[in-house]
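Listed below are the residues making up each chain.
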Amino acid sequence: MVATDSFLKYNNPVLVIVNKTRKSVKISSASSQLPQKEKSGPIKESNQQILNTIFPPRQWLEGDKLWMQQVSSAASTKEDVIQLAELLDKKLQRRRAKRRGICPIRREIYAQCFDELIRQETVNCPERGLLLACVRDELQMNVAAHKILYEDSLAFGTRETLIAEQGKADLEKRISDLEEKNDELKKQLAEQLSKYEATEIKAIEIQQLEERRHSEDVHALERSIQQLKDQMTQIGTIMD
């Protein structure tokens, strides 16, 4: 038989006999030697139906035999609640659930405890049990929705990280290319500066040479003018 680690109380399992000829299903007790229980009244049967709606009976196969187990409709006492709280603490410690923060183990254990509390309240007051079941389902849907949002945001973050990494690689390559181009331009600039300095030096030398030639020409012309003046003076003296 299937054994589950849960706080939810169940009745004794019953054997479901399948009649292959008539294609019908008959439910017999788990043991024919067990004493027959008294038939439940309409109120108890109604509570059991509500419990089966909130907590569907579980079934499992053993060989060719189908077993079914329904949630217990037995009322709980104050001692049962105290025992449930003690079992809750022990289970939290045994499974090493975190006391704070997000912990799936702690959430699972408290959910099991909540199911048992819903069962107890349903036995005492079916309306309150149904309302608590609605609250439980709403909480589970909210948790599931937050989980989906978290997974979607995680996937989105992963995609954005990959895109950013790819963009980073592209930027690093572009930076490397620009640095190489910058080095090449610096090299060209240095060559041009060197050529400019050489050209400037040559131009200065040519200018200085031209200035010397001009100065020499001026001096030569001045000497020629002075000689002409001297000759004219001599000619004038002779004529007088």
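Check the entry above for the structure.
Here the residue numbers are simple positions, counted from 1 along each chain's written sequence. Local features in this predicted model are restricted to residues of pLDDT 70 or higher, and side-chain atom pairs are both shown and tallied only at a pLDDT of 80 or more, whereas totals for entire chains, interfaces and linings draw on every residue. Hydrogens and water molecules were not included; the side-chain quantities draw on all heavy atoms of the structure.

Draft legend 1. Expanded view of the packing of helix 3 (residues 104–124) against helix 4 (residues 126–239). Helix axes are fitted only over the stretch in contact, all axes being lines through C-alpha atoms; the angle between N-to-C directions runs from 0 to 180 degrees. What counts as a helix is a DSSP run of H or I of at least four residues, what counts as a strand is a run of E of at least two, and both are numbered from the N terminus. Viewed as axis vectors pointing N to C, helix 3 and helix 4 meet at an angle of 160°, and their least axial separation amounts to 6 Å. Put simply, helix 3 runs roughly antiparallel to helix 4. Residues Arg107, Phe114, Asp115, Ile118, Glu121, Thr122 and Asn124 of helix 3 touch helix 4, and the partners they reach there are Pro126, Arg128, Gly129, Leu132, Ala133, Arg136 and Val143. Counted by class, the contact of helix 3 with helix 4 contains 6 nonpolar, 3 polar and 5 charged residues. Note on terminology: angles under 35 degrees are roughly parallel, angles over 145 are roughly antiparallel, angles of 65 to 115 are roughly perpendicular, and the others are oblique. We call two residues in contact whenever any of their non-hydrogen atoms come within 4.5 Å of each other. Each residue is assigned to one class: nonpolar for Ala, Val, Leu, Ile, Met, Phe, Trp, Tyr, Cys and Pro, charged for Asp, Glu, Lys and Arg, and polar for all the others, Gly among them.

Draft legend 2. Representation of the packing of aromatic side chains within the structure. Working definition: rings of Phe, Tyr and Trp (its six-membered ring) pair if their centres are within 6.5 Å, and the pair is stacked with planes under 30 degrees apart, edge-to-face with planes over 60 apart, and tilted otherwise. Under the definition given, this model contains 0 aromatic pairs. One cation-aromatic arrangement involves Arg58 over Tyr10; the distance from NZ or CZ to the ring centre is 3.7 Å. Seen from the ring of Phe7, Lys91 lies directly overhead, with NZ or CZ sitting 4.7 Å from the centre. Criterion for a charge above a ring: Lys NZ or Arg CZ within 6 Å of the ring centre, and within 35 degrees of the ring normal.

Draft legend 3. The side chain of Ser73, seen in detail. Residue placement: Ser73 occurs in the loop between strand 4 (65–69) and helix 2 (78–94). Reaching out from Ser73, the side chain makes a polar contact with the side chain of Gln48 at a distance of 3.2 Å. What qualifies as a polar contact is a pair of N or O atoms within 3.5 Å, subject to a donor-acceptor requirement within protein and to the restriction that residues adjacent in sequence count only when both atoms come from side chains.

Draft legend 4. Inspection of a nonpolar patch on the surface at higher detail. A cluster of nonpolar residues, Leu131, Val135 and Leu139, forms a patch on the protein surface that exposes about 270 Å² of accessible area. Within the fold, Leu131 resides in helix 4. Residue Leu131 is classed as exposed on the basis of its relative accessible area, which comes to 56%. A patch is a set of surface residues, each over 30% in relative accessible area and not in a salt bridge, joined within 9 Å for like charges and within 5 Å for the nonpolar side chains Val, Leu, Ile, Met, Phe, Trp and Tyr. For the accessible areas, the method is Shrake-Rupley and the probe is 1.4 Å, while residue cover comes only from the protein chains on display. The term salt bridge refers to a side-chain nitrogen of Lys or Arg lying within 4 Å of a carboxyl oxygen of Asp or Glu. Each residue is assigned to one of three classes by its accessible area relative to the maximum for its type, calculated with a 1.4 Å probe on protein chains only: buried under 20%, partly exposed between the two thresholds, exposed over 50%.

Draft legend 5. Focus on the pairing of strand 4. Bridge count for strand 3 (residues 58–62) against strand 4 is 5 bridges, and the pairing is antiparallel. The partner of Trp60 across the bridge, within strand 4, is Trp67. For two strands to be treated as a pair, DSSP must find no fewer than two bridges joining them. In this structure, the hairpin formed by strand 3 and strand 4 is closed by a connection of 2 residues, where Gly63 is found at a positive phi of approximately 70°.

Draft legend 6. The arrangement of helix 2 in detail. Between its first and last C-alpha, helix 2 extends 24 Å over 17 residues, near the 24 Å set by a 1.5 Å rise per residue. Residues of helix 2 that are buried include every one of Asp80, Leu84, Leu88, Lys91 and Leu92, and no others. Buried residues of helix 2 fall within an arc of 110° about the axis and therefore sit on the same side. Looking at helix 2, the residues exposed on the side facing more than 90 degrees away from the buried face are Lys78, Glu79, Lys90, Gln93 and Arg94. Trailing helix 2 by a residue or two, Arg96 shows a phi angle of about 55°, which is positive. For a helix, the expected span equals 1.5 Å multiplied by the number of residues minus one. As used here, the arc belongs to the directions running from the helix axis to the C-beta atoms.

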